[in-house]
Amino acid sequence: MHQIRFHGRGGQGVVTAAELVAIAAFNDKHFAQAFPSFGVERTGAPIEAFARIDDKPIRTREHVYEPNILIVQDSSLIGTVDVTAGADDKTLVIINSSKDKKEIKLPVPSKNLFVIDATKIAMEELGRNIVNTVILGAFAKATGLVTLNSLKKAIEQKFSAKGKSLVDKNISAITRAYNM
Amino acid sequence: MKEILEGSQAIAQTINNIKPAVVSAYPITPQTHIVEDLAKLKADGKAKYEYVRAESEFAAASIVAGASATGVRVYTATSSQGLLLMTEVIFNIAGMRLPVVMTVANRGVSAPITIWNDHQDTMTVRDAGWIQLYAENHQEAIEQHLLAYKVAEKANLPAMVCIDGFVLTHTYEDVSVPSTAEVSKFLPTFKPKKGQYLDPQNPVSFGAFAPPAFYQEIREELHNDLRNSKRLILDEYEKLKETVPDIIKKTEKNAHINNGLIEYYGAAHPRTILIAMGSLVGTIKDTVDEINKGKMASSLGVLKIKTFRPFPANDILKMVISAKQVAILEKAVSLGATDGPLTLDVKAALKNKAKTKVQGFIVGLGGRDITKKLITRIVKEVERKGDQMMFIG
């Protein structure tokens, strides 16, 4: 079973990101689960969400304490929140930052760290600093847990009510992040 | 067809396919997406029910009570404080024998203010005369809504389907929602009998004044009918499996029994049995598998109580009589009592009939996460002497 923990701030679409991963994994014929760490949502407050992917039905409901994969949507959380709690030397970390990999101070092996400037892509592709979908392109590439096609389909399923333009922009942003 | 849906969404779609005539709810915290989705389905022209936005939960319960009394299928949903505000009407609905079905997204109650999950809300109204079903996952929640309507309408008893707030309502997982055609195979159009609803051609009174000479018998009859609905729940669950086989999950490999009242999962001859209700059972099943593979091989099982009212006392006794000990994990407190509500009932069911030790553990109040580590600790704890209730975690 793959266990993914998402870190971000209220208003950054952390919960939506976890749901998109679960929907994409389901599209790839896996069993999947996604849920938020049920906080009182306040803009800017640190928020966690969780996703699990497996080839058999997922029964456990506990939070993700030993993640295989960490997605950090906001690098300013480092030092405020113990984002790598429960991580081991195999845990992959995907982090949004404009900094160079060497400047990211996290207690994980350098080879497991994937840095993407998702904010830059989001500003250029979406015109807003909403990085939750962008970073999933990097997630799909780094982990191979979901296919790019299933992720695109998940975007369509989740955002179709919000209009074609938004769907297209997000798909374009994800594809760009995937190909980096 | 398998889909991946949020729990609330899956339930809303199921309710729409069950075709109630009237839905009423109060749209504010602690409400869930269930009624939001039902309102949207109505606004989008995909639903035929009358949707009445009430001014409070008290009003929402009153509206569905009144609508039900006219002989139509109704639905409402609520949570925590909302359920407490409905309490007076909830007792009336049962007393008037109205087959109302309600989803309760279980949450803790104030004070202090909490929005998170536990079972204190529904446990507080357990004596109201409603059937109470508790779901482990989305699929079971869907099954239980079909079952609730069928039994409620056959036995003239209201039923509440209790699903863990947030843990199920806000989680995405795979689920299969039965189509209207599948639903109608199991649950026919509701046609109440003459005299069971308000009809100007056949005038009747509901819940009329009962002086001391009559009141006790009427309450006794309600109690007996609720107790006897156990048989109906068992029978209808089997029919549900036959008529809508796609939606009943294949019984788990390690499940030795799975009916409308209980499910037992784990070792064939367990030393210890854990008892729990709702979504917590999923985490317990994973823990049971891990422990049974380890040094304590084949020593552990979990008994899931799906139907809390009517209470399946004999079914529980049969399952636990050979075990050395039982640990009950419950998410509600009967403040000032010697144990939690579920533990009190289990202890009463076993009294003078089994030598099994029973100990209650209060867990997960106000949304505290219940981990496999905690469950393992409880398995060790119940081996110790004494059977005092413990707050743990």
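Residues numbered from 1 in each chain as written. Chains lettered and ligands numbered in written order. Predicted model: local features only at pLDDT ≥ 70, side-chain atom pairs only at ≥ 80, totals over all residues. Heavy atoms only, no water.

A. Fine view of the overall build of chain A. Broken down by element type, chain A carries 5 helices and 6 strands. Helices (α) and strands (β) of chain A occur, in sequence order from the N terminus, as β-α-β-β-β-β-β-α-α-α-α. The C-alpha atoms of chain A give a radius of gyration of 15 Å, which matches the 16 Å a tight globule of 180 residues would have. Taken along its principal axes, the extent of the C-alpha atoms in chain A is 40 × 40 × 35 Å. (Helix = DSSP H or I, 4+ residues; strand = E, 2+ residues; numbered from the N terminus. Rg over C-alpha atoms; globule rule 2.2 N^0.38 Å.)

B. Summary view of the interface of chain B and chain A. Taken residue by residue, the interface counts 27 residues in chain B and 20 residues in chain A. Together, Ile4, Tyr172 and Asp369 of chain B form the three largest contributors to the area buried by chain B at its contact with chain A, with a combined 31%. For the salt bridge of Asp289 of chain B with Arg59 of chain A, the shortest nitrogen-to-oxygen distance reads 2.7 Å. Those elements that place two or more of their residues in the side of chain B that touches chain A are β1 (2-6), β8 (172-176) and α9 (280-293) of chain B. Among the elements that make up the side of chain B that touches chain A, the one with the highest residue count is α9 of chain B (5 residues). Each residue belonging to the side of chain B that touches chain A can be placed in one class, and the counts come to 9 nonpolar, 7 polar and 11 charged. When strand β2 (residues 31-36) of chain A meets β8 of chain B, the two strands line up antiparallel, connected through 2 bridges. By the bridge assignment for β8 of chain B, Gln33 of chain A is matched with Glu173 of chain B. (Contact = heavy atoms within 4.5 Å. Buried area = accessible area lost by both parts, 1.4 Å probe. Salt bridge = Lys/Arg side-chain N within 4 Å of Asp/Glu carboxyl O. Nonpolar A, V, L, I, M, F, W, Y, C, P; charged D, E, K, R; others polar. Pairing = 2+ DSSP bridges.)

C. Spatial organisation of the domain arrangement of chain B. Residue and element names in this part refer to chain B. Looking at chain B, the domain boundaries give domain 1 (2-243) and domain 2 (255-391). Placing a centre on the C-alpha atoms of domain 1 and another on those of domain 2 gives a separation of 27 Å. Listed per partner, the contact involves 30 residues of domain 1 and 30 residues of domain 2. Buried area between domain 1 and domain 2, summed over both chains or domains, comes out near 2,500 Å², and the portion from carbon and sulfur atoms is 54%. Counting the surface domain 1 buries against domain 2, the share from its top three residues, Arg126, Glu136 and Lys230, is 24%. Where domain 1 touches domain 2, the interface holds 6 salt bridges. A salt bridge links Lys285 to Glu136, with the shortest nitrogen-to-oxygen separation between them at 2.9 Å. (Domains from an automatic or database assignment.)

D. Molecular detail of helix α10 (residues 313-320) of chain B. Every buried residue belonging to α10 of chain B is among Ala313, Asp315, Ile316, Leu317 and Val320 of chain B, and all of these are buried. Along its buried surface, α10 of chain B packs onto α8 (212-243), β10 (262-266), β11 (272-276), β12 (300-305), β14 (325-330) and α11 (341-350) of chain B. (Buried < 20%, exposed > 50% of the residue type's maximum accessible area, 1.4 Å probe, protein only.)

E. Region of the structure containing the sheet that holds strand β4 (residues 69-72) of chain A. Across the sheet, 8 strands lie side by side as β6(A)-β5(A)-β4(A)-β1(A)-β3(A)-β2(A)-β8(B)-β1(B); this open sheet has mixed pairing. Each edge of the open sheet is held by one strand with a lone partner, namely β6 (113-116) of chain A together with β1 of chain B. Each neighbouring strand pair of the sheet contributes to a mean axis angle of 25 degrees, computed without reference to strand direction. Note: β1 of chain B against β8 of chain B, 5 bridges, orientation antiparallel. Its bridge partner lying in β8 of chain B, Lys2 of chain B is registered against Ser176 of chain B. Those strands touched by helix α1 (residues 7-18) of chain B are β1 and β8 of chain B, and its axis lies near 115 degrees from that of β1 of chain B. (Axes fitted to C-alpha atoms, helices over the stretch in contact; angles between N-to-C directions.)

F. Focus on empty space enclosed by the protein. Counted under the stated rule, the structure contains 3 cavities of 30 Å³ or more. Of the pockets and cavities examined, the second largest cavity occupies roughly 50 Å³. Its residues placed into classes, the lining of the second largest cavity shows 6 nonpolar, 1 polar and 2 charged. (1 Å grid on protein atoms, 1.4 Å probe; cavity = no way out; pocket = protein on both sides within 12 Å on 5 of 7 lines; lining within 4 Å. Points joined across faces, edges and corners; volume = space filled by probe spheres on them.)

G. Summary view of the packing of α1 of chain B against helix α6 (residues 138-155) of chain B. Residues and elements named next belong to chain B. For the pair α1 and α6, interaxial distance at closest approach is 10 Å and the crossing angle is 30 degrees. In terms of orientation, α1 lies roughly parallel with respect to α6. Seen along the crossing, α1 lies across α6 with a hand that is right-handed. Taking contact as the criterion, the partners of Gly7, Ala10, Ile11, Thr14, Ile15 and Ile18 in α1 are, on α6, His138, Ala141, Ile142, His145, Leu146 and Tyr149. Of the residues in the contact of α1 with α6, the class split is 8 nonpolar, 4 polar and no charged. (Parallel < 35°, antiparallel > 145°, perpendicular 65-115°, else oblique. Left-handed = near helix turned anticlockwise from the far one by under 90°.)

H. Representation of the packing of aromatic side chains. Applying the stated rule across the entire model yields 3 aromatic pairs over all chains. When the ring of Phe35 of chain A is compared with that of Phe50 of chain A, the centres are 5.2 Å apart and the planes differ by 45 degrees; the resulting orientation is tilted. Highlighted residues: Phe35 of chain A in strand β2 and Phe50 of chain A in strand β3 (residues 46-54), separated in sequence by 15 residues. Of the two residues, Phe35 of chain A and Phe50 of chain A, both sit in the buried class. Aromatic side chains Tyr134 of chain B and Phe308 of chain B sit 6.4 Å apart centroid to centroid with 85 degrees between the ring planes, which places their arrangement in the edge-to-face category. Taken together, the positions of Tyr134 of chain B in strand β6 (residues 131-134) and Phe308 of chain B in strand β13 (residues 307-309) put the pair 174 residues apart, joining distant regions of the chain. Phe308 of chain B matches Tyr134 of chain B in its accessibility class, with the two residues each being buried. Here the guanidinium or amino end of Lys141 of chain A rests over the ring plane of Tyr178 of chain A, the centre of that ring lying 5.3 Å away. (Phe/Tyr/Trp six-rings, centres within 6.5 Å; stacked < 30°, edge-to-face > 60°. Lys NZ or Arg CZ within 6 Å of the ring centre and 35° of its normal.)

I. Expanded view of unusual backbone geometry. A cis amide bond links Ser110 of chain B to the next residue, Ala111 of chain B, at an omega of -10 degrees. If you trace the backbone, Ala111 of chain B turns up in the loop between β5 (101-106) and α5 (120-124). That bond from Ala111 of chain B to Pro112 of chain B is cis: its omega, -5 degrees, falls within 30 degrees of zero. Here Pro112 of chain B shows up in the loop between β5 and α5. For Lys29 of chain A, which is not glycine, the phi dihedral falls at a positive 75 degrees. Its location among the elements puts Lys29 of chain A in the loop between α1 (14-27) and β2. Residue Lys29 of chain A is classed as exposed on the basis of its relative accessible area, which comes to 75%. The backbone of Lys19 of chain B sits at a positive phi, close to 60 degrees, despite the residue not being glycine. Residue placement: Lys19 of chain B occurs in the loop between α1 and β2 (22-25).

J. Geometry of the pattern of salt bridges. All names here are of chain B. Taken as a whole and assessed by the stated rule, the structure comprises 33 salt bridges over all chains. Between Lys347 and Asp387 there is a salt bridge, with the nearest N and O atoms lying 3.8 Å from each other. Here the residue Lys347 occupies a position in helix α11, and Asp387 occupies one in the loop between α12 (372-381) and β16 (390-391), the gap between them amounting to 40 residues. With relative accessibility at 37%, the residue Asp387 sits in the partly exposed group.

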